[in-house]
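Commentary on secondary and tertiary structure
Each chain, letter by letter, is given below.
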Amino acid sequence: MLGPPGVGKGTQGRRLAAEYGVALISTGEILREAVAHGTPLGLEARRQMEAGRLVDDTVMIGLVRERTAEQDARGGFVLDGFPRTVPQAEALDAMLAERGWGIDAVLHLEVSEDALVRRLQGRRECPVCKRAYNADGAPAADGRHCDDHPTTELQTRPDDREEAVRQRFAEYRAKTEPLVDYYRMTGRLRPVPGLGTVDGVFAALRREAARGLQAPRTA
Ligand code: AMP
């Protein structure tokens, strides 16, 4: 899944992984858990995350190399939030090639920055199951608690504060947007308009994912 902060990579990635029966690997979620547990990875990543900056490529590449080698990733996976830089994308291609694997489709969710800033400011997350809600489009039934964990209050992520949001967009434009060309040039880019209902966007994603699975792998 490729796209700017708040575009719906997490929500849609989760559905896509369930649809195909494969693992969802969300690097942001892995890092947030590491921060919550105070592990060495969490201690290293915390300051950069809260400032809306990217965590070091070397750290991220090592993390994804280990995570993709776990048992539940054998049948394939949806990557949410990785790669985010050209060196990460190159390292991903190299590590998958070593195992005889490859990327079938890079689903690029496209939405204007204004719409995304609005969406990020209404975003809330369940601290237990990580399900995302949004005051705008996908509110919780009572507006405050997770539908699946009715005693758990929804929370705002620290990096959804306005200053951090601006920094995350700057990082996206400078470091992640070049991946659009990287994947277009290797024939793997599948653009999907990201505005619309969650179901509508998901239907478009599935169509593009299916096309990617049918096409011969080019890299
Ligand atoms: P996300 O939930 O994908 O928006 O990620 C939250 C934060 O985790 C980002 O703003 C970064 O600080 C960090 N992060 C997640 N994935 C990566 C990555 N692939 N490379 C660098 N930093 C990352």
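My aim in this report is to walk through the structure given alongside it, one point at a time. (Residues numbered from 1 in each chain as written. Predicted model: local features only at pLDDT ≥ 70, side-chain atom pairs only at ≥ 80, totals over all residues. Heavy atoms only, no water.)

1. Structural notes on the overall build of the protein chain
From N to C terminus, the protein chain includes nine helices and six strands. Counting only C-alpha atoms, the protein chain reaches 45 × 40 × 35 Å along its principal axes. Here the protein chain, with 219 residues, has 43% of them falling under the buried criterion. Counting contacts in the protein chain only where the partners sit at least 6 residues apart, residues at least 24 apart contribute 70% of the total. Total accessible area computed for the protein chain in this model is approximately 11400 Å², and 50% of it derives from carbon and sulfur atoms. On the protein chain, the mean spot of the 32 positive side-chain charges and the mean spot of the 33 negative ones are 1 Å from each other. (Helix = DSSP H or I, 4+ residues; strand = E, 2+ residues; numbered from the N terminus. Buried < 20%, exposed > 50% of the residue type's maximum accessible area, 1.4 Å probe, protein only. Contact = heavy atoms within 4.5 Å. Areas by Shrake-Rupley, 256 points an atom, 1.4 Å probe, with all protein chains shown as cover. Lys, Arg positive; Asp, Glu negative; His and termini not counted. Charge placed at Lys NZ, Arg CZ, Asp CG, Glu CD.)

2. As for the pattern of salt bridges
Taken as a whole and judged by the stated rule, the model has 18 salt bridges. Where Arg206 meets Glu19, a salt bridge forms, and the shortest distance between an N and an O atom there is 3.4 Å. Taken together, the residues Arg206 in helix 9 (residues 198-214) and Glu19 in helix 1 (residues 9-20) connect sequence positions 187 residues apart. You can call Arg206 partly exposed: its relative accessible area is 39%. Overall, the relative accessible area of 41% leaves Glu19 in the partly exposed class. Between Arg144 and Glu153 there is a salt bridge whose closest N-O contact spans 2.6 Å. Residue classification places Arg144 among the partly exposed residues on the basis of a relative accessible area of 47%. Taking relative accessible area as the criterion, Glu153 reaches 41% and is therefore assigned partly exposed. (Salt bridge = Lys/Arg side-chain N within 4 Å of Asp/Glu carboxyl O.)

3. What to know about the packing of helix 4 (residues 57-68) against helix 5 (residues 86-98)
Helix 5 packs onto helix 4 with a crossing angle of 30° between their chain directions and a minimal axis gap of 10 Å. One element, helix 4, and the other, helix 5, form an angle in the roughly parallel class. Crossing geometry of helix 4 relative to helix 5 is assigned as right-handed. Only Pro87, Gln88, Ala91, Leu92, Met95 and Glu98 of helix 5 make contact with helix 4, whose side of the interface consists of Asp57, Met60, Ile61, Val64, Arg65 and Thr68. (Axes fitted to C-alpha atoms, helices over the stretch in contact; angles between N-to-C directions. Parallel < 35°, antiparallel > 145°, perpendicular 65-115°, else oblique. Left-handed = near helix turned anticlockwise from the far one by under 90°.)

4. Some details on the site of the ligand
Within the structure, the ligand sits among 16 residues, and Thr27, Arg32, Arg53, Gly81 and Gln88 are positioned closest to it. Here Arg84 contributes a side-chain N or O atom positioned 3.0 Å from a nitrogen atom of the ligand. At 3.2 Å, a side-chain N or O of Arg157 approaches an oxygen atom of the ligand. Protein chains bury 96% of the 480 Å² of accessible surface belonging to the ligand in isolation. The element best represented in the shell around the ligand is helix 2 (residues 27-37), accounting for four residues. When the residues that make up the shell around the ligand are grouped by side-chain class, the tally is six nonpolar, four polar and six charged. (Near = heavy atom within 4 Å. Polar contact = N/O pair within 3.5 Å; in protein donor to acceptor, adjacent residues only side chain to side chain. Nonpolar A, V, L, I, M, F, W, Y, C, P; charged D, E, K, R; others polar.)

5. Describing helix 7 (residues 162-176)
With 15 residues, helix 7 should reach 21 Å at 1.5 Å per residue; the first-to-last C-alpha distance of 20 Å fits that figure. Of the surrounding elements, those touching the buried residues of helix 7 are helix 3 (40-50), strand 3 (106-110), helix 6 (113-121), strand 4 (123-125) and helix 8 (178-185). (Expected span 1.5 Å × (residues − 1).)

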